[in-house]
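Now for the letters of each chain:
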Amino acid sequence: MNIDAATAERDAVLQVARNMCVAARTAPKARGMDEIDTRLLTGDDLVPVADEMERIGRDTRQSYFVRDADNLRNSLALVLVGVRPVPRNTKDCAFCGFEDCKACLQAGASCAIAVTDLGIAVGSAVALAADARVDNRVFFTAGAAALRLGMMAEGVT
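Topic: helix α1 (residues 5-26)
Along its 22 residues, α1 runs 31 Å from first to last C-alpha, staying within 8% of the 32 Å computed at 1.5 Å per residue. Taken together, the buried positions of α1 are occupied by Leu14, Val16, Ala17, Met20, Cys21, Ala23 and Ala24. Where the residues of α1 are buried, they touch β1 (36-42), β2 (77-83) and α5 (112-131). One side-chain oxygen at the N-terminal end of α1 lies 3.2 Å from the backbone nitrogen of Ala6; it belongs to Asp4.

So, in structure tokens, the structure goes:
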């Protein structure tokens, strides 16, 4: 077998990206509630996300969206990690800023514990990539674009 460097690197990056999805999914979660959703985009599926990132950047005059869109266009893969920010029904929490989970829901706010679960999931995914020596970046800009494009499961932010 004779595998050229570009093919070997692409295959390795895609395997790491798959493993990042697993790392995000299996990261510890509050109360054992798994509300994490992941997606892996490659090839032509990166284009609409990069285009939307650029559109957001130009419309809002936030140049880092445009910069990140250029970085995405030069990438082999994009791992999206999101969470359904539903309350965890934890007594006496109020980390969200509301009296209880019912008030959080009524206000349409995000559960602070769910957002923490998201951070842990993202951290697990990027740590895995770093351990594999695969360069990676956390782009909230890509997440914002993917959400606008409806690329995540229903209720995921």
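On we go.
So, the nonpolar core
Leu41, Val49, Met53, Leu72, Leu78, Leu80 and Ala142 are the most contacted members of the largest nonpolar core, which totals 18 residues. It is helix α2 (residues 46-60) that provides the largest number of residues to this core, a total of five residues. Residue contacts for Leu41: discarding those within four places in its chain leaves Leu46, Val49, Leu76, Ala77, Leu78, Leu80 and Met151. If you look at the next biggest cluster of nonpolar residues, it comprises 17 residues, including Ile36, Cys111, Ile113 and Ala125.

A short note on α5
In a regular helix each residue adds 1.5 Å, so 20 residues correspond to 28 Å; α5 covers 28 Å between its end C-alpha atoms and thus fits that length. Of the residues making up α5, those classed as buried are Ile113, Ala114, Asp117, Leu118, Ala121, Ala125 and Ala129. Viewed end-on, α5 has its buried residues packed into an arc of 165°, placing them on one side of the element. If you follow the buried residues of α5, they end up packed against α1, β1 and β2. Residue Arg133 follows α5 closely and has a positive phi angle near 60°.

A word on the pairing of β2
Judged by how many residues are buried, β2 sits mostly within the fold: five of seven residues are covered. As defined by bridge partners, β1 adjoins β2 across seven bridges and the pair is classed as antiparallel. Bridged to Asp37 within β2 is Gly82.

Remarks on the pattern of salt bridges
The full count for this structure, using the stated rule, is 13 salt bridges. Across the pair Asp37 and Arg39 runs a salt bridge whose closest N-O atoms are separated by 2.9 Å. Judged by its relative accessible area of 7%, Asp37 is buried. Here Arg39 falls in the partly exposed class, since its relative accessible area comes to 30%. In this structure, Glu54 and Arg73 form a salt bridge, with 2.9 Å as the shortest nitrogen-oxygen distance. Residue Glu54 is found in helix α2, and its partner Arg73 is found in helix α3 (residues 63-73); the two are separated by 19 residues along the sequence. Relative accessible area serves as the criterion here: at 37%, Arg73 is assigned to the partly exposed category.

Analysis parameters
Residues numbered from 1 in each chain as written. Predicted model: local features only at pLDDT ≥ 70, side-chain atom pairs only at ≥ 80, totals over all residues. Heavy atoms only, no water. Helix = DSSP H or I, 4+ residues; strand = E, 2+ residues; numbered from the N terminus. Expected span 1.5 Å × (residues − 1). Buried < 20%, exposed > 50% of the residue type's maximum accessible area, 1.4 Å probe, protein only. Contact = heavy atoms within 4.5 Å. Polar contact = N/O pair within 3.5 Å; in protein donor to acceptor, adjacent residues only side chain to side chain. Core = buried A, V, L, I, M, F, W, Y, C linked by side-chain atoms within 4.5 Å. Arc of directions from axis to C-beta. Pairing = 2+ DSSP bridges. Salt bridge = Lys/Arg side-chain N within 4 Å of Asp/Glu carboxyl O.

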